[in-house]
Amino acid sequence: MRGWWLLGLWACGGNEDPTETFPAPLPTGTTCTTDEECPTDSYCGDESDCVALDTDGSAASATPISISEAPDSHGVIAPAGDIDWWVFTAVEAQWIDVRTIVDGDLDTVVRVWRADGTEHAAMDDFATGGADGYDSILRVFLPEPGDWFITVEDLTTWDSGNFGEADWRGGSSYTYDLWVQEFGSDLDEVDAIDDPSEVFTLEDGSTIYSYGFLIQDAGDSDFALAELNVAGEPLEVWGQPYDYGSSLELRTRLYDGSGALLSDLSGMGLNRYLSYFNPAVGGYTIEVTDSNGAGGDDAWGV
């Protein structure tokens, strides 16, 4: 029964060596003005020379990535419209944290896929908006061991509703670091409204706290206690959108220190979040459950 929360108190490629130039110029040194002038498996780069395509553009050629203590995998979105594929092998059901650090104008979207090609989750930026120091942060539950694929692409490729092929971005300067970390590995705790599994402190009006949950059993709920140290600012609870692989219909309730219900919201997601205005200093309990009383290994939330 574990996953993660997003809580805010608001005032309102492929393992290239980062020391190398990538993609590398072709040995022929062919100059160009358009991609069509370049040999097969190359494109016209920023310096008007033909450069080799990377080889991680499909699940079949995905680059392995594993849990690490620091960003140690590097990629490039080139040419425009490129999508990089990585593969992470889970040894058991687990949570992971996937994040990108970018250079220049690249605006990454990170997606996670099952081995059968079903999209499991996606994230542009972070569930509450921007993420200081990172371009995208996706926290996701993998309910079974085996290979899980991660793709990285520019926003213009992913958001087909606002961008067309003529808008796609990419090039040798569109580089990024990709980092996979462990997150919320304990899945077996039992909690109740008077015995929450997570207790944390919101120090000021800019504090964001994240925590995860898995509603394993039908009718189950998970609880967390937020200790609020400043009064008068809205207390907001966000749910991560684009959790395609989750069966959960997220319902969130907020209680004050006496156990009185303050707010109850179903259907949380993109631009829909619980907000409680002008709270006093003190403890606030958050309950998450499935709106339909369901549960299971796929009933995870963000």
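Residues numbered from 1 in each chain as written. Predicted model: local features only at pLDDT ≥ 70, side-chain atom pairs only at ≥ 80, totals over all residues. Heavy atoms only, no water.

All right, on to the nonpolar core then. Ranked by size, the top nonpolar core spans 28 residues in total, and within it Phe88, Val140, Leu142, Ile150, Leu178 and Trp300 carry the most contacts. Looking at this core, the elements with two or more residues in it are β6 (83-90), β7 (94-102), β8 (108-113), β9 (119-124), β10 (136-142), β11 (146-154) and β12 (175-182). The element best represented in this core is β10, accounting for four residues. Those residues in contact with Leu142 that lie beyond four places of it in its chain are Phe88, Ala90, Glu92, Ala93, Gln94, Ile96, Val112, His120 and Trp148. Phe200, Phe213, Leu254 and Val288 belong to the second largest nonpolar core, which has 19 residues in total. (Core = buried A, V, L, I, M, F, W, Y, C linked by side-chain atoms within 4.5 Å. Buried < 20%, exposed > 50% of the residue type's maximum accessible area, 1.4 Å probe, protein only. Helix = DSSP H or I, 4+ residues; strand = E, 2+ residues; numbered from the N terminus. Contact = heavy atoms within 4.5 Å.)

Turning our eyes to something else, we now look at the packing of aromatic side chains. Counted under the stated rule, the structure contains eleven aromatic pairs. A ring pair is formed by Trp95 and Phe183, whose centres lie 6.5 Å apart and whose planes are at 65 degrees; its orientation type is edge-to-face. One end of the pair, Trp95, is in strand β7; the other, Phe183, is in the loop between β12 and β13 (198-202), with 88 residues separating them in the sequence. Phe183 shares its class with Trp95; the two are buried. On the basis of an interplanar angle of 90 degrees and a centroid distance of 6.0 Å, the ring pair of Trp95 and Trp300 is categorised as edge-to-face. With Trp95 in strand β7 and Trp300 in strand β21 (residues 300-301), this residue pair connects regions lying 205 residues apart in the sequence. The buried category is assigned to Trp300, whose relative accessible area is 1%. Site record: aromatic cluster; members linked through ring pairs are Trp95, Phe141, Phe183 and Trp300. The residue whose ring lies beneath Arg99 is Tyr134, and the NZ or CZ to ring-centre distance is 4.5 Å. (Phe/Tyr/Trp six-rings, centres within 6.5 Å; stacked < 30°, edge-to-face > 60°. Lys NZ or Arg CZ within 6 Å of the ring centre and 35° of its normal.)

By themselves, these are just geometric observations and shouldn't be taken as functional.
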